[in-house]
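A closer look at the structure
Chain by chain, the residues run as shown.
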Amino acid sequence: MSEPSFLEGRFPPHRIFSGWLGEVHSAQLLAYALAAEAWFTPTRLAHEGTGRLETLTRQSAVLKDLGAFAQPLRRKALALQAELETAFQMAQTPPNSTQMEMVAHGDGAFYRPHTDTFTGDQYTPGGRRRLTMVYYFHREPRRFTGGRLRLFDLGGGQTIDVEPKHDSLLVFPSTARHEVEHVSCPEGAFGDGRFAVNIWLCG
(Lines give C-alpha, C1' and ligand atoms only; values in the text may rest on other atoms or scores of the structure.)
Protein backbone atom coordinates (compact mmCIF):
# COMPACT_ATOMS: atom_id res chain seq x y z
CA MET A 1 0.00 0.00 0.00
CA SER A 2 1.40 3.38 -0.98
CA GLU A 3 1.96 6.07 1.60
CA PRO A 4 -0.65 8.87 1.65
CA SER A 5 0.37 11.97 -0.23
CA PHE A 6 1.40 14.97 1.84
CA LEU A 7 -1.05 16.91 -0.38
CA GLU A 8 -4.00 14.77 0.73
CA GLY A 9 -6.78 16.84 2.27
CA ARG A 10 -5.60 20.08 0.63
CA PHE A 11 -8.41 21.18 -1.65
CA PRO A 12 -8.29 23.76 -4.41
CA PRO A 13 -10.17 26.93 -3.50
CA HIS A 14 -13.78 27.22 -4.57
CA ARG A 15 -16.69 29.57 -4.04
CA ILE A 16 -20.47 29.13 -4.32
CA PHE A 17 -22.82 32.03 -5.07
CA SER A 18 -26.50 31.31 -4.33
CA GLY A 19 -29.25 33.12 -6.25
CA TRP A 20 -26.72 34.28 -8.87
CA LEU A 21 -29.24 35.19 -11.58
CA GLY A 22 -32.40 35.43 -9.55
CA GLU A 23 -35.81 33.83 -10.05
CA VAL A 24 -36.85 35.73 -13.19
CA HIS A 25 -33.63 35.35 -15.17
CA SER A 26 -33.07 31.73 -14.20
CA ALA A 27 -36.60 30.92 -15.39
CA GLN A 28 -35.94 32.71 -18.68
CA LEU A 29 -32.69 30.80 -19.16
CA LEU A 30 -34.44 27.49 -18.52
CA ALA A 31 -37.17 28.40 -21.01
CA TYR A 32 -34.46 29.13 -23.58
CA ALA A 33 -32.81 25.77 -22.94
CA LEU A 34 -36.07 23.85 -23.28
CA ALA A 35 -37.00 25.66 -26.50
CA ALA A 36 -33.56 24.84 -27.94
CA GLU A 37 -33.74 21.09 -27.23
CA ALA A 38 -33.37 20.19 -30.92
CA TRP A 39 -30.12 22.18 -31.16
CA PHE A 40 -28.27 20.35 -28.39
CA THR A 41 -25.67 17.91 -29.70
CA PRO A 42 -23.64 15.15 -28.02
CA THR A 43 -20.71 16.67 -26.16
CA ARG A 44 -17.30 16.06 -27.72
CA LEU A 45 -13.84 16.25 -26.21
CA ALA A 46 -11.02 18.18 -27.82
CA HIS A 47 -8.54 16.07 -29.76
CA GLU A 48 -5.77 17.51 -31.92
CA GLY A 49 -7.78 20.58 -32.87
CA THR A 50 -11.01 18.65 -33.48
CA GLY A 51 -13.73 17.15 -31.31
CA ARG A 52 -14.49 13.48 -30.88
CA LEU A 53 -17.03 11.49 -28.92
CA GLU A 54 -15.61 9.78 -25.84
CA THR A 55 -18.66 8.06 -24.38
CA LEU A 56 -16.65 6.26 -21.71
CA THR A 57 -15.37 9.63 -20.47
CA ARG A 58 -18.27 12.01 -20.93
CA GLN A 59 -21.95 11.74 -21.77
CA SER A 60 -24.01 14.90 -22.03
CA ALA A 61 -25.43 17.29 -24.62
CA VAL A 62 -24.11 20.75 -25.40
CA LEU A 63 -25.42 24.00 -26.86
CA LYS A 64 -22.82 26.56 -27.91
CA ASP A 65 -25.21 29.37 -28.87
CA LEU A 66 -26.61 31.10 -25.80
CA GLY A 67 -28.29 33.79 -27.87
CA ALA A 68 -29.18 36.98 -26.04
CA PHE A 69 -28.01 35.47 -22.74
CA ALA A 70 -24.36 35.28 -23.79
CA GLN A 71 -23.30 38.89 -23.28
CA PRO A 72 -25.10 39.49 -19.95
CA LEU A 73 -23.67 36.26 -18.56
CA ARG A 74 -20.19 37.17 -19.77
CA ARG A 75 -20.36 40.64 -18.18
CA LYS A 76 -21.69 39.24 -14.92
CA ALA A 77 -18.93 36.61 -14.81
CA LEU A 78 -16.13 39.05 -15.61
CA ALA A 79 -17.35 41.36 -12.84
CA LEU A 80 -16.33 38.65 -10.35
CA GLN A 81 -12.86 38.09 -11.77
CA ALA A 82 -10.80 40.45 -9.60
CA GLU A 83 -12.55 39.36 -6.40
CA LEU A 84 -12.03 35.68 -7.19
CA GLU A 85 -8.39 36.08 -8.17
CA THR A 86 -7.76 37.74 -4.80
CA ALA A 87 -9.72 35.09 -2.88
CA PHE A 88 -7.95 32.24 -4.70
CA GLN A 89 -4.53 33.91 -4.38
CA MET A 90 -4.11 34.02 -8.15
CA ALA A 91 -2.17 36.62 -10.11
CA GLN A 92 -4.34 39.56 -11.19
CA THR A 93 -4.89 39.66 -14.94
CA PRO A 94 -6.91 42.04 -17.12
CA PRO A 95 -10.18 40.63 -18.50
CA ASN A 96 -9.35 38.46 -21.49
CA SER A 97 -11.26 36.00 -23.64
CA THR A 98 -14.10 33.88 -22.29
CA GLN A 99 -15.58 30.58 -23.37
CA MET A 100 -19.14 29.55 -22.72
CA GLU A 101 -21.51 26.64 -23.32
CA MET A 102 -24.77 25.24 -22.01
CA VAL A 103 -24.76 21.57 -21.03
CA ALA A 104 -27.69 19.22 -20.39
CA HIS A 105 -27.20 16.08 -18.32
CA GLY A 106 -30.03 13.59 -18.74
CA ASP A 107 -30.46 10.06 -17.47
CA GLY A 108 -27.10 8.27 -17.30
CA ALA A 109 -24.99 11.35 -18.09
CA PHE A 110 -21.62 11.89 -16.38
CA TYR A 111 -18.11 13.28 -16.84
CA ARG A 112 -15.08 11.35 -15.58
CA PRO A 113 -12.28 13.10 -13.62
CA HIS A 114 -10.54 15.79 -15.65
CA THR A 115 -9.17 19.33 -15.57
CA ASP A 116 -10.57 22.10 -17.75
CA THR A 117 -7.16 23.28 -18.90
CA PHE A 118 -6.75 20.13 -21.00
CA THR A 119 -10.16 19.04 -22.26
CA GLY A 120 -11.53 22.25 -23.77
CA ASP A 121 -12.08 23.40 -27.32
CA GLN A 122 -9.35 25.22 -29.19
CA TYR A 123 -8.48 28.38 -27.32
CA THR A 124 -8.55 31.93 -28.47
CA PRO A 125 -4.89 33.01 -28.83
CA GLY A 126 -3.65 33.87 -25.34
CA GLY A 127 -6.83 32.41 -23.90
CA ARG A 128 -5.64 29.81 -21.41
CA ARG A 129 -8.45 28.84 -19.05
CA ARG A 130 -7.86 30.17 -15.54
CA LEU A 131 -11.23 30.19 -13.76
CA THR A 132 -14.10 27.74 -14.23
CA MET A 133 -17.64 28.89 -13.46
CA VAL A 134 -20.60 26.49 -13.45
CA TYR A 135 -24.08 27.98 -13.20
CA TYR A 136 -26.77 25.42 -12.29
CA PHE A 137 -30.45 25.62 -13.16
CA HIS A 138 -33.29 23.12 -13.50
CA ARG A 139 -37.00 22.58 -13.07
CA GLU A 140 -38.35 22.78 -9.56
CA PRO A 141 -38.95 20.61 -7.73
CA ARG A 142 -35.83 18.81 -8.99
CA ARG A 143 -36.66 15.76 -11.10
CA PHE A 144 -33.24 14.13 -11.21
CA THR A 145 -30.83 12.74 -8.67
CA GLY A 146 -27.04 12.68 -8.67
CA GLY A 147 -25.06 15.05 -10.85
CA ARG A 148 -22.95 16.48 -8.06
CA LEU A 149 -19.66 18.05 -9.04
CA ARG A 150 -16.85 16.32 -7.20
CA LEU A 151 -13.67 18.31 -6.48
CA PHE A 152 -10.58 16.24 -5.70
CA ASP A 153 -7.96 17.24 -3.19
CA LEU A 154 -4.45 17.86 -4.48
CA GLY A 155 -3.41 14.34 -3.54
CA GLY A 156 -6.39 12.80 -5.31
CA GLY A 157 -7.58 10.82 -2.30
CA GLN A 158 -10.37 12.95 -0.84
CA THR A 159 -13.28 14.84 -2.38
CA ILE A 160 -15.77 17.62 -1.82
CA ASP A 161 -19.17 17.08 -3.49
CA VAL A 162 -21.13 20.14 -4.58
CA GLU A 163 -24.87 19.80 -5.17
CA PRO A 164 -26.16 21.32 -8.43
CA LYS A 165 -28.62 23.64 -6.67
CA HIS A 166 -30.90 25.71 -8.85
CA ASP A 167 -29.72 29.29 -9.49
CA SER A 168 -26.31 28.78 -7.94
CA LEU A 169 -22.82 29.46 -9.33
CA LEU A 170 -19.79 27.34 -8.47
CA VAL A 171 -16.31 28.75 -9.19
CA PHE A 172 -12.89 27.10 -8.94
CA PRO A 173 -9.49 27.27 -10.68
CA SER A 174 -9.55 25.54 -14.06
CA THR A 175 -6.53 23.47 -13.01
CA ALA A 176 -8.59 21.73 -10.30
CA ARG A 177 -9.35 18.06 -10.95
CA HIS A 178 -13.07 17.35 -10.85
CA GLU A 179 -15.86 15.15 -12.20
CA VAL A 180 -19.64 15.09 -12.61
CA GLU A 181 -21.23 12.06 -11.00
CA HIS A 182 -23.88 10.01 -12.81
CA VAL A 183 -27.30 11.60 -13.22
CA SER A 184 -30.46 9.58 -12.75
CA CYS A 185 -33.59 10.93 -14.42
CA PRO A 186 -35.98 7.97 -14.60
CA GLU A 187 -38.70 9.64 -16.67
CA GLY A 188 -36.11 10.50 -19.30
CA ALA A 189 -37.66 13.82 -20.31
CA PHE A 190 -35.13 16.36 -21.59
CA GLY A 191 -36.57 19.14 -19.46
CA ASP A 192 -36.23 17.11 -16.27
CA GLY A 193 -32.44 16.92 -16.45
CA ARG A 194 -29.54 18.81 -14.90
CA PHE A 195 -28.71 22.01 -16.79
CA ALA A 196 -25.62 24.15 -16.44
CA VAL A 197 -23.84 26.98 -18.16
CA ASN A 198 -20.07 26.55 -18.14
CA ILE A 199 -18.10 29.81 -18.31
CA TRP A 200 -14.33 29.94 -18.48
CA LEU A 201 -12.40 33.11 -17.81
CA CYS A 202 -9.16 32.98 -19.76
CA GLY A 203 -5.91 34.86 -19.70
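For the structure itself, consult the block above.
Quick look at the structure, then. (Residues numbered from 1 in each chain as written. Predicted model: local features only at pLDDT ≥ 70, side-chain atom pairs only at ≥ 80, totals over all residues. Heavy atoms only, no water.)

Considering the pattern of salt bridges
All told, the structure shown has 13 salt bridges when counted by the stated rule. Between Arg148 and Asp161 there is a salt bridge, with the nearest N and O atoms lying 3.5 Å from each other. Remark: Asp161 occurs in strand β12 (residues 159-162) and Arg148 occurs in the loop between β10 (145-146) and β11 (149-152); sequence separation between them is 13 residues. For Asp161, a relative accessible area of 30% puts it in the partly exposed group. Within the structure, one salt-bridge network assembled from shared partners comprises Arg148, Arg150, Asp161, Glu179 and Glu181. (Salt bridge = Lys/Arg side-chain N within 4 Å of Asp/Glu carboxyl O. Helix = DSSP H or I, 4+ residues; strand = E, 2+ residues; numbered from the N terminus. Buried < 20%, exposed > 50% of the residue type's maximum accessible area, 1.4 Å probe, protein only.)

Focus: the environment of Ala189
Residue placement: Ala189 occurs in the loop between β15 (183-184) and β16 (194-202). By relative accessible area, Ala189 is classed as partly exposed at 33%. Placed 46 residues apart in sequence, Ala189 and Arg143 show a C-alpha to C-alpha distance of 9.5 Å.

Concerning the sheet that holds β16
In space, the 7 strands of this open sheet follow the order β1-β13-β9-β16-β7-β6-β2, with antiparallel pairing throughout. Single-partner strands in this sheet number two, and they are β1 (15-18) and β2 (41-42). Bridge count between β1 and strand β13 (residues 168-173): 4 bridges; the pairing is antiparallel. Of the residues in β13, the one forming a bridge with Phe17 is Leu169. Contacting β6 (61-63), β7 (98-105), β9 (129-137) and β16, helix α1 (residues 23-35) crosses the sheet at an angle of about 90 degrees to β9. (Pairing = 2+ DSSP bridges. Contact = heavy atoms within 4.5 Å. Axes fitted to C-alpha atoms, helices over the stretch in contact; angles between N-to-C directions.)

Digging into the nonpolar core
In terms of nonpolar packing, the biggest core is built from 31 residues, with Trp20, Met102, Met133, Phe137, Val197 and Ile199 touching the most fellow members. Looking at this core, the elements that each hand over two or more residues are α1, β6, α2 (70-78), β7, β9, β13 and β16. In this structure Phe137 touches Leu29, Leu30, Ala33, Met102, His166, Asp167, Arg194, Phe195, Ala196 and Val197, once residues within four positions along its chain are discounted. The next biggest cluster of nonpolar side chains, apart from the first, holds 9 residues, and it includes Leu149, Leu170, Phe172 and Ala196. (Core = buried A, V, L, I, M, F, W, Y, C linked by side-chain atoms within 4.5 Å.)

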